[in-house]
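Residue-level structure breakdown
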Amino acid sequence: MRLIPFITMYVLGPSASASVVEYTDKTSWHSAVGTYSTIDFTGHPNGMPITTQYSESHGITFAPGSQTHHSSSFTNDGQGLRGQPSSHFAFYTPMQWIAVEFTGNIVFDLYFKGELIYTSTERWAPINQVAFFGLISNTPFDEVHLYRATFGGLVFYDDLYFGVPAPGALGVFALAAFGCRRRRRS
Amino acid sequence: MNSSGHVIGSSSHNFGLGGQCKAHAAFWPSVGGTPVPLPPDDRETSGYAIAAPFTNGELHAVGVDWEQNVAMLWRRVDTSSLWEPPILSDVNVGGNIILCGQEGWERLYRAYDINDHGWIVGAGQLDADGFFAHRGFVMIPSTYCTADLNGDFIVDVLDLLILLSAWGLYTTTHCFGSPDINNSDVVDVQDLLILLGAWGPCPGMGIEVMTLNEQLTAAGLTGQQWNDYQSIMTGSSSQATKDNWTCWIMNYLMQCKNCPLCPGRDPFAN
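Residues numbered from 1 in each chain as written. Chains lettered and ligands numbered in written order. Predicted model: local features only at pLDDT ≥ 70, side-chain atom pairs only at ≥ 80, totals over all residues. Heavy atoms only, no water.

Let's talk about helix α2 (residues 26–33) of chain A
Stated precisely, the cut-off is as follows: To sort residues, take the accessible area from a 1.4 Å probe on protein chains only and compare it with the maximum for the residue type: under 20% means buried, over 50% means exposed, and anything in between is partly exposed. Starting at the N terminus, helices and strands are each numbered in turn, a helix being any DSSP run of H or I of at least four residues and a strand any DSSP run of E of at least two.
The set of residues buried in α2 of chain A consists of Ser 28, Trp 29, His 30, Ala 32 and Val 33 of chain A. Immediately downstream of α2 of chain A, the backbone of Gly 34 of chain A shows phi near 80 degrees, a positive value.

Topic: the confidence of the model for chain B
Residues and elements named next belong to chain B. Let me state the cut-off plainly: pLDDT is a residue-level measure of predictor confidence that goes from 0 to 100. In what follows, a contact means two residues having at least one pair of non-hydrogen atoms within 4.5 Å.
Taken over all residues, the pLDDT of chain B has a mean of 80, while the share at 70 or more is 83%. Across chain B, the secondary-structure element scoring lowest on mean pLDDT is strand β7 (residues 97–99), at 54, and the one scoring highest is strand β4 (residues 45–51), at 92. pLDDT under 50 marks residues 16–20. Its contacts with residues more than four places away, or in other chains, come to six contacts. For this predicted complex, the interface confidence comes out at an ipTM of 0.80, alongside a pTM of 0.73.

A look at the sheet that holds strand β2 (residues 24–28) of chain B
All names here are of chain B. Which entries qualify depends on this criterion: Only strands that DSSP links by at least two bridges are regarded as paired with each other.
A sheet is described by the order of its strands in space; here three strands give the open sequence β1-β2-β3, paired in antiparallel fashion. The open sheet terminates on both sides in strands that have one partner only, identified here as β1 (7–11) and β3 (36–37). Bridging between β1 and β2 involves five bridges; their strand directions are antiparallel. The partner of Gly 9 across the bridge, within β2, is Ala 26.

Concerning unusual backbone geometry
Look at the link from Gln 84 of chain A to Pro 85 of chain A: it is a cis peptide, with omega at 0 degrees. Tracing the backbone through its elements, the reader meets Pro 85 of chain A in the loop between β7 (79–83) and β8 (87–103). Cis peptide bonds are those with omega within 30 degrees of zero, and the linkage from Pro 39 of chain B to Pro 40 of chain B qualifies with -5 degrees. By secondary structure assignment, the location of Pro 40 of chain B is in the loop between β3 and β4. Backbone geometry places Lys 113 of chain A, a non-glycine residue, at a positive phi of 50 degrees. Note on placement: Lys 113 of chain A falls in the loop between β9 (105–112) and β10 (115–119). Unusually for a residue other than glycine, Asn 183 of chain B sits at a positive phi of about 55 degrees.

Some details on the packing of aromatic side chains
Residue and element names in this part refer to chain A. We apply this condition: Between rings of Phe, Tyr and Trp, where Trp is taken as its six-membered ring, a pair exists when centres lie within 6.5 Å; planes separated by under 30 degrees are stacked, by over 60 edge-to-face, and by other angles tilted.
Applying the stated criterion to the full structure yields 20 aromatic pairs over all chains. Taking the centre distance of 6.1 Å and the plane angle of 50 degrees together, the rings of Trp 29 and Tyr 161 count as tilted. Taken as a pair, Trp 29 in helix α2 and Tyr 161 in strand β13 (residues 155–163) lie far apart in primary sequence, 132 residues in all. Considering the side-chain rings of Phe 91 and Phe 141, the 6.4 Å spacing of their centres and the 65 degrees angle between planes classify their relative orientation as edge-to-face. Of the two residues, Phe 91 is situated in strand β8 and Phe 141 in strand β12 (residues 131–147); the sequence distance between them amounts to 50 residues. Among the aromatic residues, those joined into a ring-pair cluster are Phe 41, Tyr 54, Phe 62, Phe 89, Phe 91, Phe 141, Tyr 157 and Phe 162.

Section: the sheet that holds strand β5 (residues 59–65) of chain B
Residues and elements named next belong to chain B. Applied cut-off: Under this scheme, a helix contributes an axis fitted over its contacting stretch, all axes are lines through C-alpha atoms, and angles between N-to-C directions fall in the 0 to 180 degree range.
Pairing is antiparallel in the open sheet, where three strands are placed in the order β4-β5-β6. Lying at the two open borders of the sheet, with one neighbouring strand each, are β4 and β6 (70–76). Between one strand axis and the next, the sheet turns by 25 degrees as a mean value, whatever way the strands run. Sheet topology places β5 next to β6; seven bridges connect them, and they run antiparallel.

Structure below.
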């Protein structure tokens, strides 16, 4: 029964070979994942290409096309990332959850070993606000592609959150996934 | 660029915004002049078109906010004022615009062009019973004269003929050009009265238009005959009678008295 509050928060994504739960509520996602890493993209001049700046600190490398972007659109700290036409990055070690705060609209593609394992729903932020979009996957992914499916060509997001289950927490997530399935059948 | 030489576009010029240098919607008061950034100052935006939709010197510019992925409308009241913050980012802000075609617009992505009557064309997302579809839109200021059914900026006999030819028609299309001017779902005498009340050039248009009396005279009708027609239409006569009167008055207004189109006798014949 304690799983029910968690279950009611999730939305299963539209396409998957991975089982992924989508969150649009930041607090719920943070509570569900527990621990995570954060990149806020501050400390860089506006327009700086981001590639390997976070490789050592966070184990993540960005493909060409992502650059820092200073704007009042990013209500957290005024600084975020601009991808043109999209933002593509890879993790040195596979992750199982990821989230961003974004403006406009955004879609996640998750890859593992070069294979697309999940495409998320496209989410929209209210005008002149940032919105939260987070995923928790039951299988690992090592590459992420962020883009706009509708009127694309650019994508904007600010804080990037990601992580993996702590040792010992895997059972909890397996149980949660099991609970989700049972509820869907009922 | 509009007919006054005002230019709208995008500039990567550093507008002194803390060293930021990004594509930004900008206004040039004249070709080769110094660009003025359009608000908000620190957003990545583009301007697509500019127009002077009124005669009071007001300027309107349209474009896009790339960060929010929404259409924009900027407004400058007069030459001494600054550009106001964009107002198109929310659909139908203040009820001052009309979105044509269908209801249920979720978001307007782009505003591509604007004419000197303030009409804006663009693209947006429509919620059609839960199915989201991308559609073009035309946005018309609600101050625009809705009785101008043929879009020539004059309410005259041509609009009257459009209305009469649709007499009794049931329609749920509530947009520019619909003869159901008052959105009651039926074209009836209320629409006729609105049209007659709006007779003449649309606001801001310095166009000479024949008055209704002049139009009636040219059609060989008297004011009394026109009053008789309105009495019939608002009275309790049968639908067949009303249809016959409407048919004949259209013939007169089209100056086609002998066209054998109407089912009954000519009620205006002496």
